[in-house]
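Structural features, examined
Listed here are the chains, written in short residue letters.
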Amino acid sequence: HHLRLGLDLQQYQGNPYYFLEGSLALARVQQVQGDTQAAWEILESAEWIVQKASEPQLTTHISAARALLSLRQGRLEDSLRWLRDISAPLPTKPHP
């Protein structure tokens, strides 16, 4: 509940990095709770927000999350495909 509320607020207030981090956390929660469809939908939504915000470097986070989710579902080929999409190192800190 609190993650969703935070995401709703962040979506309209601006920093795509924080929105992405919250989305990744919520996707992990959904996956752990067994709702993998919701996890995939959250990642799709996060990608849309990141693209809309013109922050292409953040898409590496989404590809990594998709690779991990695929791996946890036993889908090795899909996981490898998502990993190949990562062409730059992952950012290690929030953007100013």
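Residues numbered from 1 in each chain as written. Predicted model: local features only at pLDDT ≥ 70, side-chain atom pairs only at ≥ 80, totals over all residues. Heavy atoms only, no water.

**Description of helix 2 (residues 16-32)**
Under the convention used in this document: Secondary structure elements are defined from DSSP: runs of H or I of at least 4 residues count as helices, runs of E of at least 2 residues count as strands, and each element is numbered from the N terminus. One less than the number of residues in a helix, times 1.5 Å, gives the span that helix is expected to have. In this scheme, a residue with accessible area under 20% of its type's maximum is buried, one over 50% is exposed, and one in between is partly exposed, where area comes from a 1.4 Å probe on protein chains only.
With 17 residues, helix 2 should reach 24 Å at 1.5 Å per residue; the first-to-last C-alpha distance of 24 Å fits that figure. With twelve of 17 residues buried, helix 2 lies mostly within the body of the structure. Listed in full, the buried residues belonging to helix 2 are Pro16, Tyr17, Phe19, Leu20, Gly22, Ser23, Leu24, Ala25, Leu26, Ala27, Gln30 and Gln31. At the C-terminal side of helix 2, Gly34 shows a positive phi close to 90 degrees.

**With respect to the packing of helix 2 against helix 3 (residues 36-52)**
Condition: Structural elements are reduced to axes, namely lines fitted to C-alpha atoms, with helices fitted over the stretch in contact, and the angle between N-to-C directions of any two is expressed from 0 to 180 degrees. Angle categories are assigned with fixed cut-offs, so that under 35 degrees is roughly parallel, over 145 is roughly antiparallel, 65 to 115 is roughly perpendicular, and the rest are oblique. The contact criterion used is simple: two residues touch if any of their non-hydrogen atoms lie within 4.5 Å. Classification convention: Asp, Glu, Lys, Arg as charged; Ala, Val, Leu, Ile, Met, Phe, Trp, Tyr, Cys, Pro as nonpolar; all other residues, Gly among them, as polar.
Between helix 2 and helix 3, the least distance of the axes is 7 Å, while the angle of their chain directions is 170 degrees. For the element pair helix 2 / helix 3, the angle class is roughly antiparallel. Mapping the contact onto sequence places Phe19, Leu20, Ser23, Leu24, Leu26, Ala27, Gln30 and Gln31 in helix 2 and Thr36, Ala38, Ala39, Ile42, Leu43, Ala46, Ile49 and Val50 in helix 3. Across the contact of helix 2 with helix 3, the residue classes tally to twelve nonpolar, four polar and no charged.

**Thoughts on the pattern of salt bridges**
Going by this rule: Each salt bridge in this description consists of a side-chain nitrogen of Lys or Arg and a carboxyl oxygen of Asp or Glu lying within 4 Å of one another.
Within this structure, the stated rule accounts for two salt bridges. For Arg66, the salt bridge identified is with Glu47, shortest N-O distance 3.0 Å. In this pair, Arg66 is assigned in helix 4 (residues 59-72) and Glu47 in helix 3, connecting sequence segments 19 residues apart. A residue is classified by how much of its surface remains accessible, and Arg66, at 5% relative accessible area, is buried. Its relative accessible area of 23% is what places Glu47 among the partly exposed residues.

Read these as layout, nothing more, since geometry by itself doesn't imply function.
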